[in-house]
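# Survey of secondary and tertiary structure
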Amino acid sequence: MMNMLKIRSIYPRCGRFTNRESNLSNRRYFEPVTTVVRHKISPSGRDYATLRADDQYLHRSIVPTDHFQRSLPRLPIPKLEDTCQRYLNAQQALLSDNEFKKTRGLVDKFRNGTGLDLHNELVTKDKQNKHTSYISEPWSDMYLSSRLPIVLNFNPFISFFADPCKANMDPAIRTTNVLITSLKFQRSLNENVLAPEIFHLNPAKSDTDQFKKVMRFIPKGLSWYGAYLYKAFPLDMSQFKNLFSSTRVPRLGKDEIVSYKDSRHVVVMKRGNFYVFDILDKDGNIAPPSEILAKVQHILNDNCAPAKHPLGYLSAEERNTWASVREKLLNAGNEEALQLIDSGLFCFCFDDENPKDPNHLTKMFLHGNGANRWYDKSFSMLMSPEGTMALNFEHAWGDGVAVLRYINEVFKETTTKPVINSDTKPASIDCSSLVKKLEFKLDDGLKQAISNAKIKFHEAVGHLDVAHVVYENCGRNFLKSERISPDAFMQLSFQMAYYKQFGNFVGSYESCSTSAFKHGRTETIRPCTMETSDACKMFHKTQNRPSVSEMREAIENCSKKHSDLTKEAAMGQGFDRHLFGLRKIAETHGKLPNIFNDPAYAYMNHCIISSSTLSSPAVQLGGFAPVVPNGYGVGYAIQDERLGCNSTGYPPDTSVSEFVECVRQSVKEMHSILLGKDFR
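From a predicted model like this one, the values you see are computed outputs, not experimental measurements. (Residues numbered from 1 in each chain as written. Predicted model: local features only at pLDDT ≥ 70, side-chain atom pairs only at ≥ 80, totals over all residues. Heavy atoms only, no water.)

## Re the packing of aromatic side chains
Let me state the cut-off plainly: Only rings of Phe, Tyr and Trp enter the pairing, Trp through its six-membered ring, and a pair is recorded when the two centres are within 6.5 Å. The plane angle decides the type: under 30 degrees is stacked, over 60 is edge-to-face, the rest tilted. Going along the chain from the N terminus, every DSSP run of H or I of four or more residues is numbered as a helix, and every run of E of two or more is numbered as a strand. For every residue, the accessible area (1.4 Å probe, protein chains only) is compared with the maximum for its type, and the residue is labelled buried under 20%, exposed over 50%, or partly exposed between those bounds. Over a ring means this: the NZ of a Lys or the CZ of an Arg is within 6 Å of the ring centre and within 35 degrees of the ring normal.
Scanning the entire structure with this criterion turns up 31 aromatic pairs. Measuring from ring centre to ring centre gives 6.3 Å for tryptophan 139 and tyrosine 143, while their planes differ by 90°; the resulting arrangement is edge-to-face. Within this pair, tryptophan 139 and its partner tyrosine 143 are both found in helix α4 (residues 136–145), separated by 4 residues, close to a single helical turn. Take tryptophan 139: its relative accessible area is 3%, and that puts it in the buried class. Judged by its relative accessible area of 2%, tyrosine 143 is buried. Both rings, one in tyrosine 228 and one in phenylalanine 233, keep their centres 5.8 Å apart while their planes meet at 80°; by these two values the pair is edge-to-face. By relative accessible area, which is 6% here, phenylalanine 233 ends up buried. Each member of the aromatic cluster is reached from another via a ring pair, and the members are Phe185, Phe244, Phe346, Phe348, Phe350, Phe379 and Tyr406. A cation over an aromatic ring shows up here: arginine 60 above the ring of tyrosine 57, its NZ or CZ 4.2 Å from the ring centre. It is arginine 545 that lies over the ring of phenylalanine 679; its NZ or CZ is 5.1 Å from the centre.

## A word on the pattern of salt bridges
This is how the line gets drawn: We count a salt bridge whenever a side-chain nitrogen from Lys or Arg sits within 4 Å of a carboxyl oxygen from Asp or Glu.
For the structure on display, the rule yields 37 salt bridges. Between aspartate 351 and arginine 373 there is a salt bridge, with its nearest N and O atoms 2.8 Å apart. Separated by 22 residues along the polypeptide, aspartate 351 in the loop between β9 (347–350) and α11 (358–366) and arginine 373 in the loop between α11 and β10 (379–383) bring together distant segments of the chain. Through salt bridges with shared partners, a single ionic network connects Arg147, Arg248, Asp255, Arg319, Asp376 and Glu394.

## Quick notes on the nonpolar core
Across soluble globular proteins, you tend to see nonpolar side chains buried next to one another. Worth spelling out the cut-off: In this description, a nonpolar core means a group of buried Ala, Val, Leu, Ile, Met, Phe, Trp, Tyr and Cys residues linked to one another through side-chain atoms lying within 4.5 Å. The contact definition used throughout considers only heavy atoms, calling two residues in contact when any of these lie within 4.5 Å.
Counting 124 residues, the largest nonpolar core has Phe110, Leu329, Trp374, Phe489, Phe494 and Phe659 as the members making the most contacts within it. For this core, the leading source of residues is helix α22 (residues 656–674), giving 9 residues. If near-sequence neighbours (up to four positions away) are discounted, phenylalanine 489 is found in contact with Cys474, Leu479, Ile484, Leu643, Val667, Met670, His671 and Leu674. Formed by 58 residues, the second largest nonpolar core is a distinct cluster that contains Ile158, Ile292, Met383 and Leu404.

## Let's talk about unusual backbone geometry
At the junction of proline 651 and proline 652, the peptide bond is cis and its omega measures out at 5° in the coordinates. Structurally, proline 652 can be placed in the loop between β19 (642–649) and α22. Residue leucine 152 is not a glycine yet carries a positive backbone phi of 75°. Positionally, leucine 152 belongs in the loop between α4 and β2 (157–160). Its relative accessible area of 4% is what places leucine 152 among the buried residues.

## Comments concerning the confidence of the model for the chain
Stated formally: Per-residue confidence from the predictor is reported as pLDDT, a score between 0 and 100.
Residues of the chain with pLDDT of at least 70 account for 93%, and the chain-wide mean is 92. Per-residue pLDDT stays below 50 along residues 1–48; that stretch engages in 154 contacts with residues further than four places along the chain or on separate chains.

This is the structure we're talking about:
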């Protein structure tokens, strides 16, 4: 459930991280790119060695980055009565009549007794902490206190489309352009001139220069209300500060997010070896592009042997084990090397293999070989020898809003205004003295710890299976023309697919952002409803089959219900986070109410189907592992004329290939019904 997420507005139209559409978003996975973008090295057409002052920024927004932060509305705590009723509504599709009757009794007792006391305590605590949201601290603690390895359990990946200019897919060129654009993004963010993240309900009215000119003069304490008058909704940007120079440090019991203010270097990994070099000067200016290119090329040309004892495996360890080993590393004289890794602006990993297909790409970028990764960094860029690029990010510090904004900006800038190209010559500098290869002091105990981590890593990832499906001629355009929510359509296909496989309904999770509120994190959409249950059973009938119009009505009912649930979740009116907060308070008192000990509660929260989507002109594919051993991790995309999903699972409890085939069949059947044809 802690995987990639999609942002939802308080309005049903918003099903994406961004309003900006592009024909790039409609490419097939791994579809060859034939468009060639012709460009100059710089706006003036000259190959400059040093970036000009204006080129040090991604842009310089006249509306400050933090302009709306102070006036953002606070995440509401739902009424206890509403939460209890929504919880029961979600349980109904999962339980038998007798089970539901028992659960309803426990819920009634909770909302009229202990639940009231816990709710009042939560409300009181929330009023005492108006600078944040009621969910921010406990949700962050949930991530940081988990002792599970973060690879597979938490870190997702997102892969980029290819650069339209084939020559710029050269790893050295693409890496250099990404590094420079990332630094522009960081500097714009640090100096408060990165444009605020805003959802525009009516872009023609609010995504304009006039809107920006008006907003800049509205006081920060009132700015959100000014934007609201334009039907524009600023989003929380508090997580952006942890994008760069940030890392998760393992500690016994609970990890820590550590950020470094004055980082100037990047960490690069190749064959399990670590390199560092400066990409900012002492004044914080971006180094000359030709020098960055020379340093990148130096590492790529280094025919280094694979590290004998790759420390990367340790970042995939059980967290207490990793915390203990880290202390031993520090005591063995590796403090400086570890601090250089931790404080790097981010990590860039050069791999030795190219992805052969979507399934291989998923395994390569979701977990890789373990030796050439540092999973603790806020994010790592991953690069294949042919220039295929992806991002793997640690999830405790934040969610998808900040990550996707960064991805979109990097892709747009590097593909439309690259700083260097194939004509750029590397600077004639002594890279051997400017690029530092880190060395580590390892005794036999540390070497054994790395060996143990390696064994456990390969055992874990070796069990993961991956499958991928794309369905043509049915996408966003068709579904909207039929007045069906594209997201609801996909979620129904997952419910139908599982019902085809196993004949029952299970705990299902769809992540929804609450970043429209101050320090909002996520809320859960529960896609398994009475409406999806009825539709699955209807489509599965072999005798007394319903008519085409009846099955279409069932799809429409699912679409409406899912849209309602989405609006509730995005407005902070789901039930999962509220119950989570109440449970955390109950734990401090040492006794859980019976509602939380109910087998039905455990069954619902054993999320067999965990799903999330990303729609962006930059994103080719994304994915994550299941959140339970017998579950599916489902990353999906809905494009203009096609849709598809990328699923993971652990055999033999699951069959991912069978699941995605059932998804394909379900989509085909529903597509046929929407076309007015019976699929039998």
